[in-house]
Structures are given as C-alpha cells and as structure tokens.
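# Tertiary structure, described
These are the residues of each chain, in order.
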Amino acid sequence: MVKVAINGYGTIGKRVADAVALQDDMEVIGVSKTRPNYESKMAVQKGYNLYVGIPEREKSFAEAGIEISGTVDDMIEEADVVVDCTPGNIGPENLKKYQKAGVKAIYQGGEKHTLTGLSFNSFGNYADSLGKDCTRVVSCNTTGLTRSLKPIEDFVGIKKIRAVMVRRGGDPYQVNKGPINAVVPNPPTVPSHHGPDLATVMYGANIVTVALLVPTTLMHQHNLMVELRDDVSVDDIIDVWEKRSRILLLNAKDGLGSTAEFMEYAKELGRSRNDLFEIPIWKESINVVDGELFYMQAVHQESDVVPENIDAIRALLELEENNEKSIAKTNKAMGIL
Ligand SMILES: NC(=O)C1=CN([C@@H]2O[C@H](COP(=O)(O)OP(=O)(O)OC[C@H]3O[C@@H](n4cnc5c(N)ncnc54)[C@H](O)[C@@H]3O)[C@@H](O)[C@H]2O)C=CC1
Ligand SMILES: O=C(OP(=O)(O)O)[C@H](O)COP(=O)(O)O
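Residues numbered from 1 in each chain as written. Chains lettered and ligands numbered in written order. Predicted model: local features only at pLDDT ≥ 70, side-chain atom pairs only at ≥ 80, totals over all residues. Heavy atoms only, no water.

Taking an unreviewed UniProt entry as the reference, the chain is identified by name as Glyceraldehyde-3-phosphate dehydrogenase belonging to Methanobrevibacter curvatus. Here is the UniProt Pathway (unreviewed entry) comment for the chain, exactly as written: "Carbohydrate degradation; glycolysis; pyruvate from D-glyceraldehyde 3-phosphate: step 1/5." (UniProt positions renumbered as here; feature names shortened; annotations may be inferred.)

Written out as structure tokens, the structure is:
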C-alpha cells in the first residue's frame, strides 16, 4: 500500500483524502491543518491522523482538545507521496521540504506550471508523470476543458479552440469572496491563463480563452467554439463523448437547464458532499456549423480534479502504467460514471 499524506485539508484536500481511502492500492497516513477548527475535529473523528501544518501552532490544537499525531514535517517523513492541497503559491516553500525528505509530491492548479515543469491530466498526458518526483494536477477549469476536448482531438483533430469561461465567484463556504452584484472580466486581459494551461497537458493545443467572474458559487460554466480538422456530424461527437467516462451528456429538457439543476442532480446521485466528479455537457448545445463545433459545459470546481489526483498518485508511484486502467480503477472505487 502506497502511503499518501494530504498537506492542506480544505476544499480539495478533504475530498482527495476520502478518495484515497476508497482505493485498495493506497492509504491515507495523515492530513494536515493549520488551524484547530471544525474540519480538524472532523478529520480526527473520521479516523485520519492529524498533523499541524504550521508547527508553531501545535499548542492551539492541544488547547482546543484536538489530538494530533505531530507536525507536518513528521507527516512528510512517513509518506511515499504528499498531495499538496494548500492554497496557491505556498507550493514553492513546501517543495523544498519534500525534496529534503525525498518524498514525491502532487500539486494543484493554484500553483504555476513552472514549479514542477510538469502538469497532469489522466486523459491528456498520464504517461509523462510515470515515476517522476512531482507533478501538478491542472486546475478545475483546465481539467474540465481537457475532459471534453481530448476525445475530440483524438477523434477528428482540432485546428483551433476558443472558449469563454464563466467562473464562479467563490466556493460555497467562502464568505469573503465575490462579486455579489457584478460581472467581472477576470482576468481583464486576453487570453486568460486557462488556454496556456490546457497546452501543458494537451500539447500543441491552439486555444484562446477569455474569463469572467459572476455572482454564483455552485459551478463554473464554459462556452466552446472548436474548429475541427475534418467534417463530422453532431451524432459523431455525441458518440465520442458517450464512450468516455468522467463526462455526462445531460438534457436541459429533462429539467437540467442550469448549473443549479446540475447540482440538484448531483444531490440525487447520493454522493458524499453532493460532488459531481464528471463534467456535464448540455446535449442540446452541441452543434457543428461550417466545420466548427459548439458546446456548453459546466464544472463542479470543488470535486472534478479529485479523480485526477488519484490517477496522478498511481503515475508517480508507477502503480499502473496504463492511464485507461488507472482511470477505470479510480472510477470503480469512487462510483464515477
Ligand atoms: N476550490 C476550488 O475550486 C479549486 C481549487 N484548486 C486548487 O487547489 C488548491 C487548494 O485549494 P482549496 O482546497 O480550494 O483551498 P482551501 O483554502 O479550501 O484549503 C486549503 C487548506 O490548506 C490549509 N493551509 C493553509 N496554509 C497552509 C500551510 N502553510 N500549510 C499547510 N496547510 C495550509 C488551509 O488551512 C486549508 O485547510 C489551490 O491550489 C487551488 O487553486 C483546484 C481546483 C478547484
Ligand atoms: O483553479 C481554479 O480556477 P481557475 O481554473 O479559474 O484558475 C479554482 O476554481 C480556484 O479558483 P480561484 O482562484 O478563483 O479560487
């Protein structure tokens, strides 16, 4: 069993921890928190060994009556791989610790590609992370783009991609993020970082993205225009996506015409935290006009990268050489469609 540590037990970290716990070839040896809050208490209640992310704060955990197993440095020593789920830009400091301890590391999309020089998507470039010391799972938005675009690239070839990314203002718990009453070009410059990020896992992708922030917390939403290399029909495209996992073709006419209804659908799936690991595409939005594919999709930002983190662990530790086998194993353990 590969020993996995989760550094940063927040939105992404707690989900990755639970997903690791579901696999039969890896185990959670610990999770780290910086503050003795309710998530720290619940991590211990769940049976995870809790380590203090900022060692100077050890005392505050004792004062809150929370049992800890040591500091983050102790946790790193125990692990074969650390999944770093700390907020963006903390990564460079942590990388030194991981290198010193000789432990492998997986970063998230809030860190720059240059930190690792290698980014990861299960469908895009799994093999390039095999046996490497560290990699970076691209952000929720880039993961969503790769999921739908890679099968199209493999099927017919893509000349050029343009995408308008409508980004959620903050996660549901984030009381200090926004906007509350505005649409904000974010970034106000073109292209946004998402296009270049896609090219770190779908090499050579010719893509320009623009992005906006809107007052919603549920999901991101993407609008894609894709110039294809050959003539194909809407049915061909549907057929390609229907054969892929981690993508859902859903119908607006079935009462799923919005991100709010997608999240209601996710609740009906009965998963922990109402997660929607798959990327839902509105089936009615798919059209091909003059050799250009149009479609609209959404991204549950809190959860879509979680299965990719599991596959990234398998790639770094060389538990599985074949991406499709890892994807299938992860999907089965997590009940992903
Ligand atoms: N929330 C989202 O929509 C998504 C986030 N990401 C990326 O995942 C990473 C984590 O993001 P979230 O989970 O949303 O953040 P979060 O703020 O929900 O969780 C971060 C966790 O790290 C802990 N932490 C803070 N400083 C730390 C330190 N110095 N050492 C150890 N732990 C520390 C915090 O206490 C918190 O538990 C970021 O790179 C982010 O860009 C990727 C996809 C989607
Ligand atoms: O990585 C994300 O988005 P991104 O792909 O737009 O950079 C996550 O949704 C976190 O975004 P945030 O930086 O708005 O918290």
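### Notes on the site of ligand 1
Ligand 1 sits among 21 residues. The nearest are Thr 11, Ile 12, Lys 33, Thr 34 and Asp 171. Here an oxygen atom of ligand 1 sits 2.9 Å away from a polar atom, N or O, in the side chain of Thr 11. Within the contact set of ligand 1, an oxygen atom lies 3.0 Å away from a side-chain nitrogen or oxygen of Thr 34. Secondary-structure elements contributing two or more residues to the shell around ligand 1 are helix 1 (11–21) and strand 2 (26–33). The residue inventory of the shell around ligand 1, partitioned by class, reads 7 nonpolar, 11 polar and 3 charged. (Near = heavy atom within 4 Å. Polar contact = N/O pair within 3.5 Å; in protein donor to acceptor, adjacent residues only side chain to side chain. Helix = DSSP H or I, 4+ residues; strand = E, 2+ residues; numbered from the N terminus. Nonpolar A, V, L, I, M, F, W, Y, C, P; charged D, E, K, R; others polar.)

### Comments concerning the pairing of strand 8 (residues 134–137)
Consecutive residues of a regular strand have side chains that alternate between opposite faces of the sheet. Residues of strand 8 alternate between two faces, with Cys 134 and Arg 136 on one and Thr 135 and Val 137 on the opposite face, all of them buried. As judged from the 3 bridges shared by strand 6 (residues 104–107) and strand 8, these two strands associate in the parallel manner. Bridge pairing in strand 8 places Ile 106 opposite Thr 135. Where strand 7 (residues 119–120) and strand 8 come together, 2 bridges link them in parallel fashion. Residue pairing in the sheet places Ser 119 in a bridge with Arg 136 of strand 8. (Buried < 20%, exposed > 50% of the residue type's maximum accessible area, 1.4 Å probe, protein only. Pairing = 2+ DSSP bridges.)

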